[in-house]
Amino acid sequence: IDRNGDIIGYTVRYYTISGSNITLRNYSDTVATLVELTPFTNYSIEVATVNVIGTGPFSTPVYLRTHGDTPSGTPQEVTIVESTSTKITLQWREVPCIEQNGDIIGYTVRYSTSGSNITLRNYFDTVATLVDLSPFTNYSIGVTAVNVNGTGPFSTPVYLRTDRDKPPVDSTPIIIGAVLSVIA
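Residues numbered from 1 in each chain as written. Predicted model: local features only at pLDDT ≥ 70, side-chain atom pairs only at ≥ 80, totals over all residues. Heavy atoms only, no water.

A. Representation of the overall build of the protein in the model. The number of helices and strands found in the protein is 1 helix and 12 strands. Counting from the amino terminus, the protein carries its helices and strands in the arrangement β-β-β-β-β-β-α-β-β-β-β-β-β. Burial analysis of the protein (184 residues in total) assigns 30% to the buried set. In the protein, the share of contacts with a sequence separation of at least 24, taken over all contacts with a separation of at least 6, comes to 58%. (Helix = DSSP H or I, 4+ residues; strand = E, 2+ residues; numbered from the N terminus. Buried < 20%, exposed > 50% of the residue type's maximum accessible area, 1.4 Å probe, protein only. Contact = heavy atoms within 4.5 Å.)

B. Quick peek at unusual backbone geometry. Residues other than glycine seldom take positive phi values, yet Glu77 does so here, at roughly 50°. Structurally, Glu77 can be placed in strand β5 (residues 76-83). Here Glu77 falls in the exposed class, since its relative accessible area comes to 53%. Even without being glycine, Asp132 reaches a positive phi, approximately 60°. Looking at the secondary structure, you find Asp132 in the loop between β9 (127-130) and β10 (138-147).

C. Molecular detail of the side chain of Thr11. Relative to the elements of secondary structure, Thr11 occurs in strand β1 (residues 9-16). We classify Thr11 as buried; its relative accessible area is 6%. At 2.8 Å, the side chain of Thr11 and the side chain of Asn26 are in polar contact. Leave out the neighbours within four places in its chain, and Thr11 touches Leu24, Arg25, Asn26, Glu46, Val47, Ala48, Val50, Thr55 and Phe58. (Polar contact = N/O pair within 3.5 Å; in protein donor to acceptor, adjacent residues only side chain to side chain.)

D. Fine view of the sheet that holds β5. Pairing is antiparallel across the open sheet formed by 3 strands, whose spatial order is β5-β6-β9. For this open sheet the edge positions go to β5 and β9, each flanked by a neighbour on one side alone. Each strand axis lies, on average, 20° off the axis of its neighbour in the sheet, ignoring direction. As defined by bridge partners, strand β6 (residues 88-93) adjoins β9 across 4 bridges and the pair is classed as antiparallel. In the strand pairing of β9, Leu90 is matched with Ala128. (Pairing = 2+ DSSP bridges. Axes fitted to C-alpha atoms, helices over the stretch in contact; angles between N-to-C directions.)

E. Examining the pattern of salt bridges more closely. Using the criterion set out here, one finds 2 salt bridges in the structure. Put simply, Arg13 and Glu46 hold a salt bridge, and the shortest N to O gap is 2.4 Å. Here the residue Arg13 occupies a position in strand β1, and Glu46 occupies one in strand β3 (residues 42-50), the gap between them amounting to 33 residues. Owing to a relative accessible area of 5%, Glu46 belongs among the buried residues under this scheme. A salt bridge links Glu77 to Arg93; the nearest nitrogen and oxygen atoms lie 3.2 Å apart. (Salt bridge = Lys/Arg side-chain N within 4 Å of Asp/Glu carboxyl O.)

Okay, here's the thing in structure tokens:
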């Protein structure tokens, strides 16, 4: 017989390493499943035994990091910093850390005109320059973050019309005939 009485259960205490979200769960078995954890987050986990008198001291913490997931947030503050008749440069801020769910390895920029196919281009920085665009054309542009687990949601689109351009070389008027008169 144990002089402190029979163990009737266990209390598991877990929290993020930053010290937030302290959670206590009671279990009657020696196996516990922790749910609703935040992806790609460091946790401290401790266990205490429980008898009829109460809860004993918690164990030495075990530290672990949960697996990542695709980003749950979008790049922030997508803005156009420069545009011409055939080029648009945009920039954005990173996805908030808590929504990255892993290390961001790049970004995908999606852009299209009304009635056109969507074009996707990949970038490794928070600045992108889209080139070979059509002059005086409306574009819709969105950005998403990418980590090793996949692609997150696209940002709210930004809209821009590229500038007008000079007429192309093949649109120069051609004089087909001329009438000359001499006034004497």
